[in-house]
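Tertiary structure, described
Here is how the chains run, residue by residue.
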Amino acid sequence: MDYLMNSAPEGSQMREAVTILDGFMNEYADSNIKANTPASKYKEIMSQSVRLMGEALAKGHQFDILHRAVREPFDYYRFGVEFFRPLLEMDNSKLLGRENLDKIVSYIDRGENVILLSNHQTEVDPQAIEILLEEADCDLASQLIFVAGHKVTTDPLAIPFSLGQNLLSIHSKKYIENPPEKKAEKQAHNTKTMKKMQGLLEEGGTFLWVAPSGGRDRPDPLTREFVVAPFDERSIQMFKLMAQKAEVSSGRKTHFFPMSMLTHELVPPPDGIKAGVGEKRSAKRGAACIWFGDEVTNDHSAGRSKEAQKMFYDNIMNQVIDKYDTLKNERSEQLKKMATQI
């Protein structure tokens, strides 16, 4: 870490990133102590982390519209999973909706598509999902394609972890006009991403994770409790239309499942929306809980009527909120019990 700090010019963006990384790694060390990480394992992770983040700080990486996880000669996927595994309190984490996960596995196995419509709470959501899927002996973890915002492919501290994911990069509506002179370029990029996604759905066997809110959940200013950000209804309708088009052109069916995630204890987001890169990170340990909701049918016969669109949206949104509230209440009771045992 001293080498990175000494090589970063005073006042530069690189110096700011290294300073953030230094604070994160100090907290990360404490979390590994609490997780009882073997010294040899911790030393290996730290050595890899400093090398990979140093490379990202020095030269970045140019991601394709569709980025496939880099698994060799260095396995970035396994690096990301093992890096964040000590942050998960596994005894307090859970995966619910296993019967729906089993349906998802069967759909993918027969060459059909599955789109998860999920809330989003932390940069670590991909690794949290993958760790919990692996713990559930589900081998779909590495097949997931995450529809991701531009920050995970441009922030030097995120790049080593993004290299280990399957990503379709897109510019969120929240940031598309910032800066204004880049708007047309970003819109062109998004068009290419949608075309690539359409092609994947037509090929079949595609497993997508999407956050239709366009960003991470944030705490309520008054209660300080995280709340599920509303999904963008037009985005959901767009995915429905893409699914219908794929089925007509290739016969590949697409299934939609809502997904609730309570993961904000891990590398939580800042309170406000920050369009730039270089936000501070926390490396405290916490629980990760996910719930695969019931499939919501994309009824072609209902057409594009406003009533049908609203029913589809409401079903997705209500399931995500209801299941999230259950996870949140269970976690709250869990924390209260833990506090009495200290």
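Values in this document were obtained by computation on a predicted structure and should not be read as measured data.

Neither face of strand S6 (residues 207-210) is open: one carries Phe207 and Trp209, the other Leu208 and Val210, and all of them are buried. Of the strand pairs in this sheet, strand S3 (residues 113-118) and S6 are connected by four bridges, and their pairing is parallel. The residue bridging leucine 117 from the neighbouring strand is valine 210, located in S6. In this structure, strand S4 (residues 145-149) lies alongside S6, joined through two bridges in parallel fashion. Note on S6: the bridge partner recorded for isoleucine 145 is leucine 208.

With an omega of 0°, the peptide bond running from glutamate 72 to proline 73 counts as cis. When you line up the elements, proline 73 lands in the loop between strand S1 (66-67) and helix H4 (76-84). A cis amide bond, omega 0°, links asparagine 178 with the succeeding residue proline 179. Relative to the helices and strands, proline 179 is located in the loop between strand S5 (166-170) and helix H9 (183-203). With a phi close to 60°, asparagine 36 is a non-glycine residue in the positive phi region.

Our next topic: the packing of H4 against helix H6 (residues 125-135). The interhelical angle for the contact between H4 and H6, taken along N-to-C directions, is 85°, at an axis separation of 9 Å. With respect to their mutual orientation, H4 and H6 come out roughly perpendicular. Across from Tyr77, Arg78, Gly80, Val81 and Phe84 in H4, the residues of H6 making contact are Gln127, Glu130, Ile131 and Glu134. Classifying every residue of the contact of H4 with H6 by side-chain character gives four nonpolar, two polar and three charged.

So, about the nonpolar core. Tyr28, Phe83, Ile104, Leu116, Trp209 and Phe292 are the most contacted members of the largest nonpolar core, which has 57 residues in total. Here this core gets six residues from one element, more than from any other, and that element is H4. Once residues within four sequence positions are removed from consideration, phenylalanine 83 is found in contact with Phe24, Met25, Tyr28, Ile45, Ser49 and Phe161. With 33 residues, the next largest nonpolar core counts Met197, Phe231, Met242 and Tyr313 among its residues.

This part takes up the packing of H9 against helix H10 (residues 233-250). Direction vectors running N to C along H9 and H10 enclose 45°, while the axes themselves pass 9 Å from each other. Regarding the angle of H9 to H10, the classification is oblique. Judged by the twist between their axes, the crossing of H9 over H10 is right-handed. Touching Met194, Met197, Gln198, Leu201 and Glu202 of H9 are Met238, Phe239, Met242, Ala243, Lys245, Ala246, Ser249 and Ser250, all from H10.

Reading the values: the criteria
- Residues numbered from 1 in each chain as written.
- Predicted model: local features only at pLDDT ≥ 70, side-chain atom pairs only at ≥ 80, totals over all residues.
- Heavy atoms only, no water.
- Buried < 20%, exposed > 50% of the residue type's maximum accessible area, 1.4 Å probe, protein only.
- Helix = DSSP H or I, 4+ residues; strand = E, 2+ residues; numbered from the N terminus.
- Pairing = 2+ DSSP bridges.
- Axes fitted to C-alpha atoms, helices over the stretch in contact; angles between N-to-C directions.
- Parallel < 35°, antiparallel > 145°, perpendicular 65-115°, else oblique.
- Contact = heavy atoms within 4.5 Å.
- Nonpolar A, V, L, I, M, F, W, Y, C, P; charged D, E, K, R; others polar.
- Core = buried A, V, L, I, M, F, W, Y, C linked by side-chain atoms within 4.5 Å.
- Left-handed = near helix turned anticlockwise from the far one by under 90°.

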